[in-house]
Amino acid sequence: AADAPSLWELSAHIFTIAALPQSINVLRQRSRNVLEALRQDTGETAFVAIPDGTRFVVIESVESDHSLRSALRVGQFIEPERTASGRAFLPYLSLEQQRAMLGRDPTEEEIDQFSRTLERGFGVSVGDVSLGATNLATTLFGTGGEPIGVLVISGPSERLTEASHDRIGSLLIKHAKSLSRSGAHPKTAHE
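Anyway, here's the lowdown on the structure attached to this text.

Thresholds applied
Residues numbered from 1 in each chain as written. Predicted model: local features only at pLDDT ≥ 70, side-chain atom pairs only at ≥ 80, totals over all residues. Heavy atoms only, no water. Buried < 20%, exposed > 50% of the residue type's maximum accessible area, 1.4 Å probe, protein only. Helix = DSSP H or I, 4+ residues; strand = E, 2+ residues; numbered from the N terminus. Arc of directions from axis to C-beta. Contact = heavy atoms within 4.5 Å. Salt bridge = Lys/Arg side-chain N within 4 Å of Asp/Glu carboxyl O.

**A short note on helix 4 (residues 95-102)**
- Along helix 4, the residues that are buried comprise Gln 98, Met 101 and Leu 102. Summarising the axial view, the buried residues of helix 4 lie within an arc of 90 degrees, below the 170-degree limit, and thus occupy one face. In helix 4, the exposed positions angled more than 90 degrees off the buried face are occupied by Glu 96 and Ala 100.
- Close packing links the buried residues of helix 4 with strand 1 (45-52), strand 2 (55-62), helix 3 (84-89) and helix 5 (108-120).
- Note on helix 4: the residue one or two positions beyond its end, Gly 103, has a positive phi of about 80 degrees.

**Details of the pattern of salt bridges**
- Under the counting rule described, the total for this entry stands at ten salt bridges.
- Two residues, Glu 36 and Arg 39, come together in a salt bridge whose shortest N-O distance is 2.4 Å. Of the two residues, Glu 36 and Arg 39 are both situated in helix 2 (residues 22-42); the distance of three residues between them amounts to about one turn of the helix.
- Taking the shortest distance from any N to any O, the salt bridge between Glu 81 and Arg 104 comes out at 3.1 Å. Of this pair, Glu 81 sits in the loop between strand 3 (77-78) and helix 3 while Arg 104 sits in the loop between helix 4 and helix 5; the two residues are 23 residues apart in sequence, bridging distant segments of the chain.
- Three or more residues are tied together by salt bridges with common partners; here these are Arg 28, Arg 32, Glu 36, Arg 39 and Glu 60.

**Section: the environment of Ala 137**
- Mapped onto the elements of the fold, Ala 137 is located in strand 5 (residues 133-141).
- Between the alpha carbons of Ala 137 and Phe 122 there is a distance of 5.4 Å; along the sequence they are 15 residues apart.
- What Ala 137 contacts, discounting residues up to four positions off in sequence, is Ala 84, Ser 85, Ala 88, Phe 122, Gly 123, Leu 151, Val 152 and Leu 172.

So, in structure tokens, the structure goes:
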């Protein structure tokens, strides 16, 4: 019947993705093959997210084939606090930009996490957001070397063990270089 209520409706998140600048749409297209390669190499979900005010928004994602997996939708928001995305991205911002994204000054613990990110080239979150979930992320850079987004691997902590972090982090850095407009990554720019 014409008066029957809708069983679903579009949320405002669709406008976030629909209104992306052309450069972000190009990043989405370019990232698809990289995400597929990361999923094949790690067996886990891989995604790209960009900053959107005080959080990140997922612009492209490929899910793991495992029955137990992280499932991130395009348009899903990720907070910067306690996440691998925030830990990967925030160290490359000025203190003013960090304050704007966090809504406050970074804590001493966050500053310590940022230092670790700068040393190894990727951020890590083990059970900090969801119990039993691990995420590793590295930053994508624009033509001027500015941070423009994050490349992330996400999965259960029982598969993404601490022993695998360096290997997966290296894969993320390698693939981030191919997606970054400058073709470099600070972790490897001086090696």
